[in-house]
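The lines below spell out each chain.
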Amino acid sequence: MKIAIFGVGYVGLTSAACLINDGHSVIGVDVSESKVRMINEGKSPIFEPGLEELLTLGVQEGRLVAYQEIGDRLADCDIAIVCVGTPSAVDGSHNMGYIAEVSRQIAVASVSLPERARPLTVMYRSTMRPGSIDKLIAPIFRGFHGPTLSKVELVYNPEFLRESTALKDYYAPPKIVVGTIDGQPSATVDELYGNIQAPRFYVGYREAEITKFVDNSFHALKVAFANEIGRICGREGVSAKTVHQIFVSDTKLNISPYYLRPGGAFGGSCLPKDVRALTYLSNEVGAETFVLDAIMRSNDAHKRYLFEKATEGAAPGAKVLLNGLAFKANSDDLRESPYIDLARRLLQAGYDLKIWDPQLEPSALTGQNLGYSFAHLPEMTNLLLRTKEQLVEAGFDLIVDARGDAASLGLDGVPVAAINSLP
Ligand SMILES: NC(=O)c1ccc[n+]([C@@H]2O[C@H](COP(=O)([O-])OP(=O)(O)OC[C@H]3O[C@@H](n4cnc5c(N)ncnc54)[C@H](O)[C@@H]3O)[C@@H](O)[C@H]2O)c1
């Protein structure tokens, strides 16, 4: 393949080197005169293990050449890969100036491309917010190409390399995510990555665009969390190293997909209580744990969000069934259940509420469970329906489904607001 790479920094040069290694020819385009000169001399403008050798090979074999402008060289290219920087703007958003500028250049350079079997694939690898292709890049292309983009195929493909192991990461990425206009595979991108084994996701532009934000924020969150735990341990004379070993050894609940699915708020008898107690301890020892301190407020915000999601399109007065009240299925533990909170909000907002939770017998509740539930939802006994006949007779306008099994209730035709797994 012949590939043009716009922006030959860390991402662009790594891609260039690996594509040369795979036998392709690469045109590098960069506004930096010094980078272009160095590349054409077979030297790498950055240090990355193994990079310079491949760039030198590319130049010696005539398969790598760099320019400051693309000119008419896109004519025989199969792909244009965009790797320009998206640095922070003063307000914290990404500065999209380089993306816009390079998109304009490619749009202009590709408008006069002759008819060909496959359109030119313009693949963006820079990190940019969801909506960037739809709202910024595609309109720039349409401005030059007209409303139908028949000569180009716009693709978003986030990059997951880590500097210092970038070449290895190129061949062994954690995943390949390809965002296209219809979420379908791109033949050109599949051909480009034909030799790479990794889980593949073909998705819409926005899901692909947000992937890197989510990944990087999670990595940052992990570092901040680990350091906050380290600070508390340090102040309490606990070995942070030992705590870390124990923590990461648990690949069932800790380092695992558990507790990472967007859906319900957390609750129950342990998580809220223990998070509060750890932030109390942290305050006491002056560990300044801003991430930990924010967890309860974040969960409260999520409970408000769930209420709003649940009642979208249902006016106060509507007959609502809440499917599930205990903090999880097959339990009658109501302590700090987010659904107690939801039930209270529904009542306060004027909905005609009933609740279905067959595991729950109010007269059998004891101890703190009894105290918490009646203190927070004194109407509970009258709200709970006991039989399937009562369910059918009630004539609900909406089911707010905390359990995810509303279909099994036999209330066909009643709209369901699923709040435990967000779409
Ligand atoms: N560095 C990483 O580890 C990494 C990993 C994944 C994703 N990313 C993302 O990839 C993108 C690029 O990152 P990077 O670290 O390679 O940046 P970089 O700053 O090293 O390189 C960007 C290059 O783009 C060039 N450029 C700017 N405007 C241009 C234009 N109009 N035409 C041609 N070239 C132009 C710059 O001169 C520079 O050489 C960013 O969005 C970044 O967030 C970076």
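A brief look at the structure comes next. (Residues numbered from 1 in each chain as written. Predicted model: local features only at pLDDT ≥ 70, side-chain atom pairs only at ≥ 80, totals over all residues. Heavy atoms only, no water.)

### Some points on the layout of surface pockets
By rolling a water-sized probe across the atoms, one finds the places where empty space is left. In this model, the second largest pocket occupies a volume close to 230 Å³. For the second largest pocket, the lining is made up of 13 residues, of which L149, V152, L154, I181 and Y205 are closest to its centre. When residues of the lining of the second largest pocket are assigned to their parent elements, the largest contribution, four residues, is made by helix α5 (residues 132-145). (1 Å grid on protein atoms, 1.4 Å probe; cavity = no way out; pocket = protein on both sides within 12 Å on 5 of 7 lines; lining within 4 Å. Points joined across faces, edges and corners; volume = space filled by probe spheres on them. Helix = DSSP H or I, 4+ residues; strand = E, 2+ residues; numbered from the N terminus.)

### Remarks on the side chain of S256
Residue placement: S256 occurs in the loop between α9 (240-249) and α10 (271-285). There is a polar contact of 2.7 Å between the side chain of S256 and the backbone oxygen of K252. Of note is the side chain of S256, whose polar atom sits 3.2 Å from the backbone nitrogen of Y258. (Polar contact = N/O pair within 3.5 Å; in protein donor to acceptor, adjacent residues only side chain to side chain.)

### Focus on a nonpolar patch on the surface
The grouping of L253, Y258, Y259 and L271 at the surface amounts to a nonpolar patch, some 440 Å² of accessible area in total. Tracing the backbone shows L253 in the loop between α9 and α10. Judged by its relative accessible area of 37%, L253 is partly exposed. (Patch = residues over 30% accessible without salt bridge, like charges linked within 9 Å, V, L, I, M, F, W, Y side chains within 5 Å. Areas by Shrake-Rupley, 256 points an atom, 1.4 Å probe, with all protein chains shown as cover. Salt bridge = Lys/Arg side-chain N within 4 Å of Asp/Glu carboxyl O. Buried < 20%, exposed > 50% of the residue type's maximum accessible area, 1.4 Å probe, protein only.)

### Thoughts on the site of the ligand
Close to the ligand lie 22 residues, the nearest being V11, D30, K35, T86 and E163. Between the ligand and Y10 there is a distance of 3.0 Å, counted from an oxygen atom to a backbone nitrogen or oxygen. One nitrogen or oxygen atom from the side chain of E163 is found 2.8 Å from a nitrogen atom belonging to the ligand. Among the secondary structure elements, those contributing two or more residues to the shell around the ligand are α1 (10-21) and α4 (97-110). Examining the composition of the shell around the ligand, we find that four residues originate from one element, α4, more than from any other. (Near = heavy atom within 4 Å.)

### What about the packing of helix α8 (residues 205-236) against helix α11 (residues 290-310)?
Interhelical geometry of α8 versus α11 gives an angle of 110° and a closest axis separation of 8 Å. By the angle between their axes, α8 is roughly perpendicular relative to α11. Counting all contacts with α8, which are made through L221, A224, F225, E228, I229 and I232, the residues of α11 involved are F290, V291 and L292. Here the contact of α8 with α11 is composed, by residue class, of eight nonpolar, no polar and one charged. (Axes fitted to C-alpha atoms, helices over the stretch in contact; angles between N-to-C directions. Parallel < 35°, antiparallel > 145°, perpendicular 65-115°, else oblique. Contact = heavy atoms within 4.5 Å. Nonpolar A, V, L, I, M, F, W, Y, C, P; charged D, E, K, R; others polar.)

### Re the pattern of salt bridges
Pairs can form between side chains of opposite charge whenever their charged atoms are close. This structure, assessed with the given rule, holds 20 salt bridges. Its salt-bridge partner being R403, residue D357 comes within 3.1 Å of it at the nearest N-O pair. Separated by 46 residues along the polypeptide, D357 in the loop between β10 (352-356) and α13 (367-376) and R403 in the loop between β11 (398-401) and β12 (416-418) bring together distant segments of the chain. Like R403, D357 is buried. Through salt bridges that share partners, D341, R344 and R345 make up one connected network.

### Description of the sheet that holds strand β9 (residues 319-323)
Strand order in the open sheet made by the four strands is β10-β9-β11-β12, with parallel pairing throughout. On the outer flanks of this sheet lie β10 and β12, each paired with one strand and no other. Averaged over neighbouring strand pairs, the angle between their axes works out to 20° when direction is ignored. (Pairing = 2+ DSSP bridges.)

### Focus on the state of the cysteines
Tallied over the entire structure, the rule returns zero disulfides. Cysteine C77 shares no disulfide, and the gap to the nearest cysteine sulfur, in C83, comes to 14 Å. Looking at the unpaired C233, the closest cysteine sulfur is the one in C270, lying at 20 Å. (Disulfide = S-S within 2.5 Å.)

### Section: the side chain of R63
Within the secondary structure layout, R63 lies in the loop between α3 (51-60) and β3 (64-67). Within the structure, the side chain of R63 is placed 2.9 Å from the backbone oxygen of I20, a separation counted as a polar contact. Within the structure, the side chain of R63 is placed 2.8 Å from the side chain of E61, a separation counted as a polar contact. Once residues lying within four places of it in the same chain are set aside, the contact partners of R63 are I20, G23, H24, S25, V26, L57 and G58.

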